[in-house]
Every structure is written in structure tokens, then in C-alpha cells.
Amino acid sequence: MRWLHPAAAAAFLLLCACAGHGPRLALPSPPAPYEEMVGDPRWQAAAQEARATLEDARTRHRLPALSVAVVVDGRLAWAAASGWADVERAVPATLTTRYRLGSTSKAITATALARLVDQGRMSLDAPVSTWRRDLPNPAWNPLSPRQLASHTAGIVDYDQNRDLVGLLNSLRERKQFGSVAAALSVFDGNGLKYAPGTAFRYTSFDTVLLSAAIEGAAGQPFLAVLDEEIARPLAVSSLSADHADRPVPGRATFYLRDDKGLRRWREVNHSYKWAGRGLVSSSADLARIGAAWLDEGYITPQTRAAFWQPQRLAGGEVNEQSYAIGWRSNPNRALLGAERPVWNVHHGGVSKGAYSWLVVYPELRMAVALHANARLDDFADFIAIEQAVTRRFVEEIDKGGSEAE
């Protein structure tokens, strides 16, 4: 393998920074299209205020589209879509519009892994070579699913990749990889950065390698595993790969947003990272997947507890991001105030022209998903939209209690 000189890397990064494509666009004048579904009359008041929150946020942040879904007690309580899935073609965003998940894809991969663990087809602590004997880098053989899914395995991140060809392919995002095995070539020319379990370094390459092990355990391609273990059991039809080599029906157009308006994001190919950052879904289906973790018939309580426990390093300390297995897990003291912390597990995603957010509140029996087809200035502003929506539904839960109570 060849190495990339730092100056060449900097030049190529500058080249790739030109993300916008096509003419600059202005958002159409309001009113923007809006679609909503209220699952039960008891959520009507919460939905009315949440709608105002959504519409205000989309306008204030100058977003083409914003979509949200709330599931309570396993049922869709409210879902809404505001704005334009495609500005140029005047295509409204709908409840079935698919958005890029970015790194929220890791929580989806963890869901498939949890299913295989429950079925006895995988173990969190066996070496990945148990299920995949054809790995191109022998240093990977002893790594465990737990280490890979908690980012404590020692695999390189994008900025540490010294595999020249792989680095260029990950920066350009143009090459079509026909399989997970082929995608491993993007980073297989690297050694481990630290002894497994001794440190934490967040990287999507961990999840790509994990998906190779999942394939071996399931005996079928990774995307087929997602269909068998998630899409079909949960009846979620919008979950798929963000294919570049074929049409993806209902997928939003993604935009680069700045003070001058919008530009369509250049075409990208995410086939080298399906498991880590390459999936798409509607907000409603993503919230359903999050809520399914609370269904003991879908994922057992024992497996759920193992996956939602923040992982400790070899020295005994919890890793710096409170990262569990495919999720971040911590108390939220901002949602309802410091005096009423709410435990939540969550994952966010930043992708090409998209933001994604999935959060599960186990004590509230609630899951919330939020999407946009352009980035905001700060991801914290994006989370604030979800928090405002969630508070209104918690008020209704506090008034009448959830069905689980």
C-alpha cells in the first residue's frame, strides 16, 4: 500500500470541499407544503403545538424540509413533514420521504447485531474471525463485535487512514463497491492505532468491519440482513441503502445551505460504508425502529441492557462519549430540567446535505426521530427542535399517563 503525503491530502480535501453543485436556489415563498398524521386524539393538543415548533424551526433555519415522528408505547403518536423534498422540482416532503441517516446508521446496524445475539448466532465477545475467516488484515481477527460497536477496537478513522487508494476513494465518494468485502479495502492497509479495549476512537470503519462479521454469521449480504431482521419484522418499508447506482424511490434531494441560499449537494456514493453512514429511512420508520428496542418480543431485556450500557475501557473508566454498543447512553438533564433527568439512548448523523437524529426515552416509552435535507449551523440547534417537540408530548403523558402505566 502507498502512503499519502500530507500536502497532497490537504490539496485533495480542499478539492472535495466544493460540495455544492448546480445553480444557487432560493426557498419558495411560504406557505410551504405540510403533511401530518396524528395517531390518537389524545395527542391532538401536543401535535398542534409541535407543528408550530416544526414550522418555526424550518423557517428560522432556512431548511428545505424538516420531518419528525414520535412513537409512544409502540404506536406512532404523531408524524409530520414540512417543506420541500426537492426544491427545484417543487416536490413536497411527505411522511414517506427518505432521508440520509449518516451515522444514525450505526444504531440500525446495532439493531441487526442485537437480533443475531438474541438468536445465538453471534456473541459480543467472540473474535470476528469466528464468522469471517477471509479478513484482509490479520490484525482484525481477534477484534470483538463489542469492541467494534463501541469504537474501542483500535481501527483508524478517516483522518488516520494511510491507505492511499482507500483514502482517495473515501474522500471522492464516487466508486461503487459491490460488497462489504470489497469495501474493507478502503482501510485495510492500516495497523491498529491502540491495543483493543484500551482507548476510544469513534470511526465508521469499525462498523463496516462489524457488518462483514454480521454477514458471515447470517450467511447473507448485510443489506439482506437488515431486510430480514428489521424491515420485515417491523414492517418498515423505507429503510434501505443510499444507493448511487440505482434509483431510491422517495429519497429527498440534499442541499448545501448558506446565507446566499441553497445549492444541490453533489452526487455521492456511500457503498463503502452502508453500515456506518450509508442508510436512508423516513422519520416515521426510524422512530419505529428505535421504539422496537422497548418491545421484549423483538429484543430481549438482557440484550437491550447489554447494548445500552456505556462501555468501560481497560482502565475501568467509561469511555469519553458514554458510548454503549451502537448507541450513546446517558441522562438528559436539559429536556425536563436538572431536577428530573431522563435517561436516553440516542444517535445522530451528519451526512452529505442531511442531518438525522434518533432518541429513545425508555422511562417514557417514547422514541423520536428527526430529519432535515440540509445541515443547520450547529447540530445542537437540530437537537433543540426534537427537545421542544418531545417536551410537549411528555406534558400529555404526565397528564394522562402512557398506556404502559
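What counts as what
- Residues numbered from 1 in each chain as written.
- Predicted model: local features only at pLDDT ≥ 70, side-chain atom pairs only at ≥ 80, totals over all residues.
- Heavy atoms only, no water.
- Helix = DSSP H or I, 4+ residues; strand = E, 2+ residues; numbered from the N terminus.
- Buried < 20%, exposed > 50% of the residue type's maximum accessible area, 1.4 Å probe, protein only.
- Pairing = 2+ DSSP bridges.
- Axes fitted to C-alpha atoms, helices over the stretch in contact; angles between N-to-C directions.
- Parallel < 35°, antiparallel > 145°, perpendicular 65-115°, else oblique.
- Contact = heavy atoms within 4.5 Å.
- Nonpolar A, V, L, I, M, F, W, Y, C, P; charged D, E, K, R; others polar.

**Concerning the environment of Arg-133**
- Assignment of secondary structure puts Arg-133 in the loop between α3 (105–118) and α4 (145–149).
- With 32 residues separating them in the primary sequence, Arg-133 and Leu-101 have C-alpha atoms 30 Å apart.

**Some details on the pairing of strand β14 (residues 366–372)**
- In terms of burial, β14 is largely enclosed, as seven of its seven residues are buried.
- A two-sided burial pattern is seen for β14, the buried positions comprising Met-366, Val-368, Leu-370 and Ala-372 on one face and Ala-367, Ala-369 and His-371 on the other.
- Two elements, strand β3 (residues 65–72) and β14, share seven bridges in a ladder whose sense is antiparallel. Residue pairing in the sheet places Val-70 in a bridge with Val-368 of β14.
- With seven bridges connecting them, strand β13 (residues 354–361) and β14 associate as antiparallel partners. Its bridge partner being in β14, Leu-358 is matched across the sheet by Ala-369.

**Digging into the packing of helix α2 (residues 44–60) against helix α12 (residues 379–400)**
- For the pair α2 and α12, the least separation of the axes is 9 Å and the interaxial angle reads 170°. Classified by the angle their axes make, α2 and α12 are roughly antiparallel. The residues of α12 that touch α2, namely those facing Ala-45, Ala-46, Ala-47, Glu-49, Ala-50, Thr-53 and Ala-57, are Ile-385, Ala-388, Val-389, Arg-392, Phe-393 and Glu-396.
- The class makeup of the residues in the contact of α2 with α12 is nine nonpolar, one polar and three charged.

It is worth stressing that arrangement in space is one thing and function is another; only the former is reported here.
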